Amino acid sequence: MNTATDSIHYRELTAADEAAVIVLANQVHGANYLTEVSFADYLDRGQQDGVNLNWLAFAGEQLVGVRLTFAPGRWDIDSYCTPAAWPVPASQMCYFKCAAVDDSIRGAGIGRNLLQRSIAAAQQLGCRAGLAHIWMQSPANSAFAYFSRCGGKLIKEHPGRWHEASVHDGYHCLVCDGICYCTAGEMILPFDNY
């Protein structure tokens, strides 16, 4: 896909985007990373008080980027979270669940543009930061490099973050070729510069 970045357009995610979003997310992250059930859940968690934090990027009619973000209070603080190390309370944080950009157009700024749109929406809800669990084994550790360039700060590494999903939910890790043993980098992105 040789698409000029000026032909990229962005819009909020809707339920009608389900099929294309699932295909792209699973192409980037592995089979069953996103399903019809999880899509519906994530769509819901990304909306609050009339604000949609989920964004898409298109080249013409082709979906080339996805950013799924949960609204404050709409995400779980689990054993892979370190709230004592967070600079702001969870009530003032969104959760960056997923980013996926078509590999044929990566490096064109689409991921950053999607992130900026999610941040602007989160700020409307009073968020001052966002939390993410970054895939540390992504090819060339590109996920960590991208999120760091955007201002993300590493809080803690969590081995086996997606192991349960690969054992019980059918997620097939592309790196581990099946059962996932990858590490998640718990990262905070303060919105001071956005």
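Sequence positions are assigned chain by chain, starting from 1 and proceeding in written order. At least 70 in pLDDT is required for a residue's local features to be given in this predicted model, at least 80 for side-chain atom pairs to be given and counted, and no such filter applies to totals for whole chains, interfaces and linings, which use all residues. Side-chain measures here rest on the full set of heavy atoms in the structure, leaving out hydrogens and waters.

## Things to note about the nonpolar core
Think of a nonpolar core as a cluster: buried Ala, Val, Leu, Ile, Met, Phe, Trp, Tyr and Cys residues, connected wherever their side-chain atoms sit within 4.5 Å. For every residue, the accessible area obtained with a 1.4 Å probe (protein chains only) is divided by the maximum for its type, and the residue is called buried under 20%, exposed over 50%, and partly exposed between those limits. Counting residues in each nonpolar core, the largest one holds 35 residues, and the members touching the most others are Val-21, Leu-34, Val-66, Met-93 and Leu-131. In DSSP terms, a helix is any run of H or I states spanning at least four residues, a strand is any run of E spanning at least two, and both are numbered starting from the N terminus. Counting only elements with at least two residues in this core, the list comes to helix H1 (18-29), helix H2 (36-45), strand E4 (55-59), strand E5 (62-70), strand E6 (93-101), strand E7 (129-135) and strand E9 (183-190). Residues are treated as being in contact if the distance between any of their heavy atoms lies within 4.5 Å. Filtering out sequence-adjacent residues up to four positions away, Leu-34 remains in contact with Val-21, Ile-22, Ala-25, Asn-26, Phe-39, Tyr-42 and Leu-68. Within the second largest apolar cluster, 29 residues are counted, among which are Trp-55, Ala-71, Tyr-146 and Phe-147.

## Some details on a nonpolar patch on the surface
Together, Val-167, Ile-179 and Tyr-181 give the surface a local cluster of nonpolar side chains, amounting to about 290 Å² of exposed area. If you trace the backbone, Val-167 turns up in helix H5 (residues 163-168). Two joining distances apply to patches: 9 Å for like charges and 5 Å for nonpolar side chains (Val, Leu, Ile, Met, Phe, Trp, Tyr), and every residue must have over 30% relative accessible area and no salt bridge. To be clear on the numbers: accessible area is Shrake-Rupley with a 1.4 Å probe, and residue cover counts the displayed protein chains and nothing else. Just to be clear on terms, a salt bridge is a Lys or Arg side-chain nitrogen sitting within 4 Å of an Asp or Glu carboxyl oxygen.

## A look at the pairing of E5
Consecutive side chains of a regular strand alternate in pointing toward one face of the sheet and then the other. Judged by how many residues are buried, E5 sits mostly within the fold: eight of nine residues are covered. Relative to E5, E4 is paired through five bridges, and the arrangement is antiparallel. Bridge pairing in E5 links Ala-57 to Gly-65. What makes two strands pair is DSSP finding at least two bridges between them. In this structure, the hairpin formed by E4 and E5 is closed by a connection of two residues, where Gly-60 is found at a positive phi of approximately 65°. Alignment of E5 against E6, held across six bridges, turns out to be antiparallel. Residue Arg-67 lies in a different strand from E6, and its bridge partner there is Ala-99.

## Here's the deal with the packing of helix H3 (residues 110-124) against helix H4 (residues 142-149)
Direction vectors running N to C along H3 and H4 enclose 55°, while the axes themselves pass 11 Å from each other. As the angle between them shows, H3 and H4 are arranged oblique. Where H3 crosses over H4, the two elements pack in a sense that is right-handed. Within the contact between the two elements, H3 uses Gly-111, Arg-112 and Leu-115 and H4 uses Tyr-146, Phe-147 and Arg-149. Each residue belonging to the contact of H3 with H4 can be placed in one class, and the counts come to three nonpolar, one polar and two charged. Lines fitted to C-alpha atoms define the axes here, with helix axes fitted over just the stretch in contact, and angles between the N-to-C directions of these axes take values from 0 to 180 degrees. Here is the rule for angles: anything less than 35 degrees is roughly parallel, anything more than 145 is roughly antiparallel, 65 through 115 is roughly perpendicular, and the remaining ranges are oblique. Crossing handedness is read from the near helix: turned anticlockwise from the far helix by less than a right angle, it gives a left-handed crossing, and turned clockwise, a right-handed one. Each residue is assigned to one of three groups, with Ala, Val, Leu, Ile, Met, Phe, Trp, Tyr, Cys and Pro labelled nonpolar, Asp, Glu, Lys and Arg labelled charged, and all others, Gly among them, labelled polar.

## With respect to the side chain of Glu-186
Secondary-structure assignment places Glu-186 in strand E9. His is not counted, nor are the chain ends; Lys and Arg add positive charge and Asp and Glu add negative charge. Lys-156 provides the closest opposite charge to the buried, unpaired Glu-186, separated from it by 6.5 Å. At 2.7 Å, the side chain of Glu-186 and the side chain of Thr-82 are in polar contact. The definition of a polar contact used here is a pair of N or O atoms within 3.5 Å, where within protein one atom must be able to donate a hydrogen and the other to accept one, and adjacent residues in sequence count solely through side-chain atom pairs. A polar contact of 2.7 Å, which involves the side chain of Glu-186, links it to the side chain of His-158. For Glu-186, the contacting residues outside a window of four places in its chain are Tyr-80, Cys-81, Thr-82, Trp-86, Leu-131, Ala-132, His-133, Lys-153, Leu-154, Ile-155, Lys-156 and His-158.

None of the figures reported here should be taken as evidence of function without further support.
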